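Descriptive structure summary
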Amino acid sequence: MTEISAPTNFIVDAVEEDLASGRFNVVHTRFPPEPNGYLHIGHAKAIAINFGIARQFGGKTNLRYDDTNPVKEDIEYVDAIKKDIHWLGFDWEDREYYASDYFDQLYQWAIQLIQQGDAYVDDLSADEIRAYRGTLTEPGKNSPFRERSIQENLDLFNRMRAGEFPDGSRVLRAKIDMSSGNINMRDPVMYRILHANHHRTGDTWSIYPMYDFAHGQSDSLEGVTHSLCDLAYEAHRPLYDWFIEKLDIFHPRQIEFSRLKLSYTILSKRFLKMLVEGSHVNGWDDPRMPTLVGMRRRGYTPEAVLTFIDKAGVAKNESVADISLLEFCVRDHLNKIAPRVMGIINPLKLIIDNYPEGLVEELEAINNPEDESAGTRMVPFSKVLYIEKEDFMEEPPRKYFRLSPGQEVRLRYGYYVKCTGFIKDEQGQVVEVHCTYDPETRGGYSSDGRKVKGTIHWVSAQHALDAEVRIYDRLFNREDPDMVEDGETFLDNLNPLSLLVLTHCKVEPSLVNTKSGDHFQFERQGYFCTDLDSTPGHLVFNQTVGLRDSWSKMNK
RNA sequence: UGGGGGUUCGUCUAAUGGUAGGACAGCUGACUCUGGAUCAGCCAGUAGAGGUUCGAGUCCUCUACCCCCAGCCA
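Conventions adopted
- Residues numbered from 1 in each chain as written.
- Chains lettered and ligands numbered in written order.
- Predicted model: local features only at pLDDT ≥ 70, side-chain atom pairs only at ≥ 80, totals over all residues.
- Heavy atoms only, no water.
- Salt bridge = Lys/Arg side-chain N within 4 Å of Asp/Glu carboxyl O.
- Helix = DSSP H or I, 4+ residues; strand = E, 2+ residues; numbered from the N terminus.
- Buried < 20%, exposed > 50% of the residue type's maximum accessible area, 1.4 Å probe, protein only.
- Pairing = 2+ DSSP bridges.
- Domains from an automatic or database assignment.
- Polar contact = N/O pair within 3.5 Å; in protein donor to acceptor, adjacent residues only side chain to side chain.
- Contact = heavy atoms within 4.5 Å.
- Core = buried A, V, L, I, M, F, W, Y, C linked by side-chain atoms within 4.5 Å.
- Near = heavy atom within 4 Å.
- Nonpolar A, V, L, I, M, F, W, Y, C, P; charged D, E, K, R; others polar.

1. So, the pattern of salt bridges
Pairing of side chains with opposite charge becomes possible as their charged atoms draw close. As enumerated under the stated definition, the model contains 45 salt bridges in all. Across the salt bridge formed by D127 and R130, the nearest N and O atoms sit 3.1 Å from each other. Of this pair, D127 and R130 both sit in helix α5 (residues 126-132), separated by 3 residues, roughly a single helical turn. Assigned by exposure class, D127 and R130 land together as exposed.

2. What about the pairing of strand β12 (residues 347-352)?
Direction of pairing for β12 relative to strand β15 (residues 384-388): antiparallel, over a ladder of 5 bridges. By the bridge assignment, L350 is partnered in β15 with L385. In the sheet, β12 pairs with strand β18 (residues 430-437) via 4 bridges, with the strands oriented parallel. Across the sheet, the residue bridging to K349 is E432, located in β18.

3. Observations concerning the domain arrangement of chain A
The assigned domain composition of chain A is domain 1 (10-257), domain 2 (269-337 + 467-554) and domain 3 (340-463). The gap between the C-alpha centroids of domain 1 and domain 3 is 64 Å.

4. Examining the side chain of D230
With respect to the helices and strands, the residue D230 is situated in strand β8 (residues 226-230). Of note is the side chain of D230, whose polar atom sits 2.8 Å from the backbone nitrogen of A232. Aside from chain neighbours lying at most four places away, what touches D230 is E256, F257 and R259.

5. Focus on the nonpolar core
Core analysis: the biggest nonpolar cluster contains 64 residues, and I11, I41, I85, L275, V305 and F308 have the highest contact counts within it. Of all the elements, helix α2 (residues 41-56) adds the most residues to this core, at 8 residues. With sequence-adjacent residues up to four places away left out, I41 is seen in contact with L260, L262, L267, P290, L292, M295, V305, F308, I309 and L326.

6. Describing the protein's contact with RNA strand B
Around RNA strand B, 67 residues are found, and the nearest of them are A312, R402, R410, G443 and Q521. If you look at RNA strand B and keep only atoms within 4 Å of the protein, 64% of those are sugar or phosphate atoms. Between E318 and RNA strand B, the recorded distance is 2.8 Å, taken from a side-chain N or O atom to a sugar or linking oxygen. Elements that contribute at least two residues to the surface near RNA strand B include exactly α5, β6 (189-193), α11 (302-312), α12 (323-337) and α13 (550-554). The residue inventory of the surface near RNA strand B, partitioned by class, reads 25 nonpolar, 19 polar and 23 charged.

What follows is the structure, given as structure tokens:
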């Protein structure tokens, strides 16, 4: 069975069962980011699953900001998040919601629970609550305030809302079971007092609901059928269900899947923040960052990211996806769409001694051998060229197919040239290579059937454009950067060579009008994209990912 | 030692009691005006021990190991 089929996994199975059993007759999901940071590839998985499941079943997906904690959240992230979701190719149409839109309803529901005897105001301090909660192995104790009258609870809760009490002085708790094996059920806090300005509700509220008292009800209000979240919330599901049942409102189903982890990468928001604030990278959109802004700037395409997520699969096993799978997906997509171009990263002058001085020929080059519709372009050729430093060796090892004294190679789309000599500086560095060309091989073919092993890329020195090229390597040296020796942190696993900036690289003149975000394959080198910093007067390219290189592998 | 999850090639993931399959990685080879791409092939797995069954990765029992939960974070 090698046919392409719609993705199937345990969530798809569960949704199908729900539809078949009549538990639900539509599929409605949501993506619920907290606006407190930039989205990364782990979020992309959640986005792909939530939007993907809905799409697969003809349903809808809401965007809902989980903005119940004003001290951590900021409007700055709201727009960035929308941009990233759109970049991935998903759309929530007019369904842009905020948990804060439901603060009034949530407040009413809290009152309902108080009236039902299912919630109470607790005057214990945070420390006391922690002490009363018990431990993983010992049950908790009831708070002395647990049996207050409904009237007193109503009065106190109302005054909490009115702002009469200082932060931290009281909370509203659900009255469940202090001896539950599930610590989340030991009278969890529903509301805390926070005299903080909220990015949407301003100073309207001095109490804010906790995640557990907001998320499920928000789902319910929106008619979400399947609330798909990561494994961390598995232990919260009984509480999710408890609130919904006590409130007797529409009951969505929460299903948990394992979050995405990537080798050689960290995805914890806190750590990512440390990288940015500690200037270990140049911002959230640094091309080395696993953020979606970073990957976009690096030149990863949304198609590649989505294909990767799809190939990595959806399950409950906690797993670490191999970053080489991501790189494979990026190469695979870019191979199909990226125009080929010639660029020299480390230039070395090549002089064709028998080529006429002053002559310039325009040679035809194929834009993309994988896509005939991409057509061809003309590339100028002249007596003095630049080639890649590593394409010449004075004393070549076995199986080296490039230039070396006496050897003949093909200049891509150009001529066959034979190396006749080279010049070194005082340090012994080769600074200039000389050769002769065979005028009969124009375009790169010889009429006599003579074969050359190697083909190298080049640019005409007088026509070349200067460029800055930024080469990236893995940000961390270890597969699991979190694994550290005593006294170390993940920062000790940073790869000091993760960024290499090269200036005075030489690229072909067709790149003169490139715009930020353009993708290219620099032939024989890798995929590159034009950086945000690039201007017509100062071209800047990011290496997205290198080409597979069986030669360098052979030499390891 | 409480509660909740998990364990299939190096990695990720299928197999829903009936031939353990795919992808990435790795390794061969073919082809090639990119040492790219493509093509062909190879390598390699059911955590352990019992049991049920004609037949077990799948069901049962026990064991081991890993992850999550003790925020007035989400």
